[in-house]
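# Summary of the model geometry
Spelled out, the chains give:
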Amino acid sequence: MKKKMVVLTGAGISAESGLRTFRDSDGLWEGYEVTEVATPRAWKKNPSLVLDFYNMRRRDVAAATPNAAHAGLAELEKLVDLTIVTQNIDDLHERAGSSKVMHLHGSIFRMRSDDDEETLYEIRDDMMPGDKAPDGSFLRPAIVWFEEAVPMIGMASAVIEEADLFAIVGTSLVVYPAAGLIHYTRPGIPLFIVDKKLPDVRLNNLVRIEKPATEGVQELVQLVKAIVGEMES
Ligand code: APR
């Protein structure tokens, strides 16, 4: 039986694939007001602006490719029973070969109707204002916006409670409830964080790797290899 590991990822892991983060100096929220594009109120007020914003994100993701950090985490599956809990709406973990990926904030390649959050439709091209779902209500991106509940949070916390190892890669840990997930780890398990500029996080026994994700994840993989070897010997 392999040891169970969970990695919580954020926009920083996809930065070196050319996808902008949200809160770095060139981040998406420098150019947009969150409240104008990523809330239910924004959707009511100006659906065209919201769709434009996510149409751009979809084009960017489609043009991007996974980087060495995504590949490194996919490799980790050889060593551990790995679940990735990502805040990202891109599909770069899947394209790198990771098999268990939970998307806390939805997916850029899915849409849903205003009235039904469970029936998802694939979308690869641009969404058009006024497009309707078979249930007659408007289609919107299947993204979890600010001020909305995060349906996956219960499953994510449950898998973290079971983890034997836990790592955080490329997230500022400012958005809740995702940021609170780090507190579901069992006491005493090995904990790691990889970030170009480490956020202020207080956890005991946290191994801090202050490096870009493409380098830092390679280091993480080596550390996990050594620890799993020790745990299993
Ligand atoms: N390698 C590693 N870390 C990086 C890199 C890199 N190349 N580039 C940036 N980072 C780090 C930053 O230092 C920061 O800690 O990635 C983090 C990015 O933070 P945010 O932009 O806040 O992104 P994230 O934490 O994923 O945001 C959470 O906020 O806007 C919402 O729904 C959106 O899922 C998103 C959530």
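Residues numbered from 1 in each chain as written. Predicted model: local features only at pLDDT ≥ 70, side-chain atom pairs only at ≥ 80, totals over all residues. Heavy atoms only, no water.

## Description of the site of the ligand
- Around the ligand, 22 residues are found, and the nearest of them are F22, R23, T171, S172 and D195.
- In this structure, an oxygen atom belonging to the ligand sits 2.7 Å away from a side-chain N or O atom of T171.
- A213 places a polar main-chain atom, nitrogen or oxygen, 2.8 Å from a nitrogen atom of the ligand.
- Considered class by class, the residues forming the shell around the ligand number 8 nonpolar, 8 polar and 6 charged. (Near = heavy atom within 4 Å. Polar contact = N/O pair within 3.5 Å; in protein donor to acceptor, adjacent residues only side chain to side chain. Nonpolar A, V, L, I, M, F, W, Y, C, P; charged D, E, K, R; others polar.)

## Thoughts on the pattern of salt bridges
- Enumeration over the complete set of coordinates arrives at 13 salt bridges.
- A salt bridge links R41 to E147, with the nearest nitrogen and oxygen atoms 2.6 Å apart. Highlighted residues: R41 in helix α4 (residues 40-45) and E147 in the loop between β6 (139-143) and α8 (153-161), separated in sequence by 106 residues.
- Taking the relative accessible area as the measure of exposure, R41 reaches 52% and is therefore exposed.
- By relative accessible area, E147 is classed as exposed at 56%.
- The partner of R57 in a salt bridge is D60, with the nearest N and O atoms 3.3 Å apart. (Salt bridge = Lys/Arg side-chain N within 4 Å of Asp/Glu carboxyl O. Helix = DSSP H or I, 4+ residues; strand = E, 2+ residues; numbered from the N terminus. Buried < 20%, exposed > 50% of the residue type's maximum accessible area, 1.4 Å probe, protein only.)

## A few points about the nonpolar core
- Y54, I108 and W145 are the most contacted members of the largest nonpolar core, which has 24 residues in total.
- Those elements that place two or more of their residues in this core are α2 (28-31), α4, α5 (47-63), β4 (106-113) and β6.
- Of the residues forming this core, the biggest block, 5 residues, is contributed by α5.
- Not counting the four nearest positions on each side in its chain, Y54 is found in contact with V37, A38, I89, I108, P141, I143 and W145.
- The next biggest cluster of nonpolar side chains, apart from the first, holds 22 residues, and it includes L8, V150, F166 and L203. (Core = buried A, V, L, I, M, F, W, Y, C linked by side-chain atoms within 4.5 Å. Contact = heavy atoms within 4.5 Å.)

## Overview of the sheet that holds strand β1 (residues 4-9)
- Pairing is parallel in the open sheet, where 6 strands are placed in the order β3-β2-β1-β7-β8-β9. Strands with a single pairing partner mark the edges of an open sheet, and in this sheet they are β3 (101-103) and β9 (206-209). Recorded for the sheet is a direction-independent mean angle of 15° between the axes of neighbouring strands.
- As judged from the 3 bridges shared by strand β2 (residues 81-86) and β3, these two strands associate in the parallel manner. Residue pairing across strands places T86 opposite H103, the latter belonging to β3.
- Docked against the sheet, helix α9 (residues 213-232) engages β1, β7 (165-169), β8 (191-194) and β9, running at close to 165° with respect to β8. (Pairing = 2+ DSSP bridges. Axes fitted to C-alpha atoms, helices over the stretch in contact; angles between N-to-C directions.)

## Observations regarding the pairing of β7
- By the criterion of burial, β7 is predominantly enclosed, with 5 of the 5 residues buried.
- Where β1 and β7 come together, 5 bridges link them in parallel fashion. Counterpart to V7 in the pairing with β7 is A167.

## Observations regarding the environment of D126
- Note on placement: D126 falls in the loop between β5 (116-122) and β6.
- In this structure D126 comes out as partly exposed when scored by relative accessible area, which is 26%.
- Along the primary structure D126 and V221 are separated by 95 residues, whereas in three dimensions their C-alpha atoms are 37 Å apart.
- The contact partners of D126, leaving out residues within four places of it in the chain, are N55, R58 and R59.
- In terms of polar contacts, D126 uses its side chain to reach the side chain of R59, at 2.3 Å.

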